[in-house]
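Results of the structural survey
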Amino acid sequence: MAGKPVRPANAIDQTRRMLSLVTYLRERPGARVEDVARAFGITEDELVSDLDVLPMCGTSFRGGDLLDIDTDGERIWWHNPAALGADAAEPLRLAADEATALLVAARAVATLPGLRESDRQALLRATAKVETAAGEAAGASSRLSVTFEAEGGVFADVDRAISERRRLWIRYYSPARDEVTEREIDPIRLVSVGHTYVEAWCRRSEARRTFRLDRVAEIRILDEPSAPPEVELRDLSEGLVQPAAEDPEVVVEVGPGGRWVAEYYPHDSADELADGGLRITLRTPDPASLRRLALRLGRDGRIVSPPELAGSARRAAREALAAYDGIEAVEAGDQPGDGQDDGRERGL
């Protein structure tokens, strides 16, 4: 085997390749690994990585419906190609747990505020068909219900505003600044990257912004039309936070206990320090948001530059310590600020 390093795969490209790979292998029993890799323009290691995924695919997760494909390192063997044949095809049947989950979810979505009436009626008609097809298996679903939290209503309002091209008014909590602001936004699209967000043109900042739905405290659909400027949609397959070259540079030094920062935050460089820590250089459109990172790191890290951000982080840490001391004093029966000193040093 070639042993070349595996290139990072784009999920969409890999999915397309594996769909083609299924047809290719079905027509070529015992195909050689090197020939297949050459035909698809990938390394042998990448091909083997695809082959490791294919056995988890099939028409269902039951019995012999999964693809039975393996390799001895030289040739590829497909032991049940008939699993995808027309003769093997059977009508799709829902198990009792699948029917219950589908029906409960469908009924819950149908109750969302802001859902377009035409969509609600279409969903209810589809639900009725599933109930009929599921028969007795649908019985358990009538005894279950799901209630969406506030984010569900926000999602419905945002989705409706996008569909009707209307502006939104929101009250939004920003954890980086620990404040709630009011703003009008022209929604562009809903995206899901761990959490659900709305990408929008913010009329307060006159720039594209991304708002997390569970941080929207209040929302209203306005009569004004939504008219965001033409913007190029970002590819979010690599994550929501994708710093740009023009974003401000921030330097953070972390000890051994803070090395995880380099794994979770996109960065330009991470240089080793003598104590086993790292000096991390990263970029962010909102440097103030890193104050929370500094507080979370505590003794395991500090912001080095820019100086104003480093000073802001130190002040935030002092305020947090002062508030903590005040709570301790009250619990001990003393009053905050009574002049008592417990002798502890603050290394800030």
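Everything numeric in this text was worked out from a predicted model, so none of it was measured. (Residues numbered from 1 in each chain as written. Predicted model: local features only at pLDDT ≥ 70, side-chain atom pairs only at ≥ 80, totals over all residues. Heavy atoms only, no water.)

Remarks on the sheet that holds strand β4 (residues 179-193)
Selection rule: Here a strand pair is declared whenever DSSP counts at least two bridges between the two strands. Numbering of helices and strands starts at the N terminus; helices are DSSP runs of H or I of at least 4 residues and strands are runs of E of at least 2. Helix axes use the C-alpha atoms of the stretch in contact, all axes being lines fitted to C-alpha atoms, and the angles between their N-to-C directions lie in the range 0 to 180 degrees.
Strand order in the open sheet formed by 5 strands is β6-β5-β4-β3-β7, and the pairing between neighbours is antiparallel. Of all the strands in the sheet, just β6 (207-212) and β7 (216-225) have a single pairing partner and so form its edges. Sheet twist, expressed as the average angle between the axes of neighbouring strands with direction ignored, equals 45°. The pairing of strand β3 (residues 166-174) with β7 spans 6 bridges and is antiparallel. What sits directly across from Tyr-172, in β7, is Val-216.

A look at the packing of aromatic side chains
Selection criterion: Stacked, tilted and edge-to-face are the three classes applied to pairs of Phe, Tyr and Trp rings, where Trp contributes its six-membered ring and a pair requires centres within 6.5 Å; stacked means planes under 30 degrees apart, edge-to-face means over 60, and tilted covers the rest. Exposure classes here rest on a 1.4 Å probe applied to the protein chains alone. A residue is buried below 20% of its type maximum, exposed above 50%, and partly exposed in between. We call a charge positioned above a ring when the Lys NZ or Arg CZ atom is no farther than 6 Å from the ring centre and deviates by at most 35 degrees from the ring normal.
Overall, the coordinates contain 2 aromatic pairs when judged by the stated rule. On the basis of an interplanar angle of 75° and a centroid distance of 5.3 Å, the ring pair of Tyr-24 and Phe-40 is categorised as edge-to-face. Taken together, the residues Tyr-24 in helix α1 (residues 11-26) and Phe-40 in helix α2 (residues 33-40) connect sequence positions 16 residues apart. On the basis of an interplanar angle of 80° and a centroid distance of 5.0 Å, the ring pair of Tyr-172 and Phe-211 is categorised as edge-to-face. On the criterion of sequence distance, the pair formed by Tyr-172 in strand β3 and Phe-211 in strand β6 is long-range, its members being 39 residues apart. Each member of the pair, Tyr-172 together with Phe-211, is buried. When the ring centre of Tyr-24 is taken as origin, the NZ or CZ atom of Arg-28, which lies over that ring, is 3.9 Å away. Taking NZ or CZ as reference, Arg-220 lies 4.0 Å from the ring centre of Trp-169, over its face.

A short note on the pattern of salt bridges
How we decide: Here, a salt bridge means any side-chain nitrogen of Lys or Arg that lies within 4 Å of a carboxyl oxygen of Asp or Glu.
Scanning all chains against the criterion turns up 22 salt bridges. The shortest N-O distance in the salt bridge between Glu-131 and Arg-107 comes to 2.3 Å. Of this pair, Glu-131 sits in helix α5 (residues 117-134) while Arg-107 is found in helix α4 (residues 96-110), placing the two residues 24 residues apart along the sequence. Through salt bridges with shared partners, a single network forms among Arg-167, Glu-184, Asp-186, Arg-203 and Glu-206.

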